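# Coordinates in review
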Amino acid sequence: MKIVQVKDKKFTLSIPESEILKGVTEVAERINKDLADKNPLFIGVLNGAFIFAADLFKRITIPCEISFVKLASYQGITSTGRVKEVIGLNEDITGRTVVIVEDIVDTGLTMERLIDTLGTRNPKEIHIAALLVKEQKLKVKLNIEYKVLSIPNDFIVGYGLDYDGLGRNLPDIYTVVE
Ligand code: 5GP
């Protein structure tokens, strides 16, 4: 069993890069079919989705564009708890087919917030592409059409995802060892 140390924690190999890329290729093929002639605008969520977004985008063969946003935590409290502000979206998305590209959906609150924010800018439609979904932790109803893999509740790093800023450069995905 391959073990890596990231900062003060040990992580064990859970999803090899080859398996991730197989799933990414399948999702890309579905998007190529579903969104042909729609000139979709992919919106990657930094930092975690940068590797997924790159691997997915390379496999898109229809006319398309890509941009990135960041989510900044701020001190506001809503009924859903912690909220995040979407920053860096400069494109006019009016009438556009948008595909949000996210690394991992946990409770789903971040994704819900993102969809609400983008929705106020009058896109034609919004689709979700998520590398990983922790199905058992989902708190909100989301239509995740383009999911690469479902995973259990454990904390993971690698393939763009970090532990305290580190581990994003690991090509495979690793799960924390309790
Ligand atoms: P949600 O709002 O869905 O609860 O949280 C989504 C965000 O939490 C992700 O974009 C990611 O930044 C972070 N996150 C959730 N689970 C994990 C995990 O297992 N590993 C890492 N590195 N980040 C996670």
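Here the structure is shown first, and the text comes after it.
Notes on the structure in this doc start here. Worth saying up front: this structure is predicted, and the values here are computed from it rather than measured. (Residues numbered from 1 in each chain as written. Predicted model: local features only at pLDDT ≥ 70, side-chain atom pairs only at ≥ 80, totals over all residues. Heavy atoms only, no water.)

On to the site of the ligand, then. Taken together, 15 residues lie near the ligand, and T107, G108, T110, K134 and D162 sit nearest. Between the ligand and T110, the relevant distance is 2.4 Å, taken from an oxygen atom to a side-chain nitrogen or oxygen of the residue. Measuring from a nitrogen atom of the ligand, one finds a backbone N or O atom of I156 at 2.8 Å. Protein coverage of the free-state accessible area of the ligand, which is 510 Å², stands at 81%. Elements that contribute at least two residues to the shell around the ligand include exactly strand 6 (97-105) and helix 3 (109-119). For the shell around the ligand, the element with the most residues is strand 6, which contributes four residues. For the shell around the ligand, the per-class residue count stands at six nonpolar, three polar and six charged. (Near = heavy atom within 4 Å. Polar contact = N/O pair within 3.5 Å; in protein donor to acceptor, adjacent residues only side chain to side chain. Areas by Shrake-Rupley, 256 points an atom, 1.4 Å probe, with all protein chains shown as cover. Helix = DSSP H or I, 4+ residues; strand = E, 2+ residues; numbered from the N terminus. Nonpolar A, V, L, I, M, F, W, Y, C, P; charged D, E, K, R; others polar.)

All right, on to the packing of aromatic side chains then. Enumeration over the complete set of coordinates arrives at four aromatic pairs. Judged by centre distance (6.4 Å) and plane angle (50 degrees), the ring pair of F11 and F155 falls under tilted. Pair noted here: F11 is in strand 2 (residues 9-15) and F155 is in the loop between strand 8 (146-150) and strand 9 (156-157), with a separation of 144 residues, a long-range link. The interplanar angle of 55 degrees and the centroid separation of 6.0 Å between the aromatic rings of F11 and Y163 together place this pair among those described as tilted. Placement of F11 in strand 2 and of Y163 in the loop between strand 9 and strand 10 (173-176) is noted, with a sequence separation of 152 residues between them. Take F11 and Y163: they sit in the same class, and that class is buried. (Phe/Tyr/Trp six-rings, centres within 6.5 Å; stacked < 30°, edge-to-face > 60°. Buried < 20%, exposed > 50% of the residue type's maximum accessible area, 1.4 Å probe, protein only.)

Further remarks concern the environment of I3. The residue I3 is located in strand 1 (residues 3-6) in this model. Judged by its relative accessible area of 43%, I3 is partly exposed. Spatially, the C-alpha atom of I3 lies 31 Å from that of L71, the residues being 68 residues apart in sequence. Once you skip the residues sitting within four places of it in the chain, I3 turns out to touch K10, F11, T12 and V177. (Contact = heavy atoms within 4.5 Å.)

Before going further, it helps to spend a moment on unusual backbone geometry. A cis geometry characterises the amide bond from L46 onward to N47, with omega recorded as 0 degrees. Among the secondary structure elements, N47 is positioned in the loop between strand 3 (41-46) and helix 2 (50-58). The backbone of D37 shows a phi angle near 70 degrees, a positive value even though the residue is not glycine. In this fold, D37 is placed in the loop between helix 1 (17-34) and strand 3. At D164, a position not held by glycine, the phi torsion is positive, near 55 degrees. One can find D164 in the loop between strand 9 and strand 10.

Our focus in this paragraph is the nonpolar core. The tendency in soluble globular proteins is for nonpolar side chains to be buried side by side. The biggest cluster of nonpolar side chains holds 27 residues, and the ones touching the most others in it are V24, I31, F52, L56, L131, L132 and I173. Contributions of two or more residues to this core are made by helix 1, helix 2, strand 6, strand 7 (125-133) and strand 8. Of the residues forming this core, the biggest block, five residues, is contributed by helix 1. Not counting residues within four places of it along the chain, the set of residues in contact with L56 comprises V24, V27, A28, I31, F42, V101 and A129. Core analysis: the second largest hydrophobic core is formed by 18 residues, V69, L71, M111 and I144 among them. (Core = buried A, V, L, I, M, F, W, Y, C linked by side-chain atoms within 4.5 Å.)

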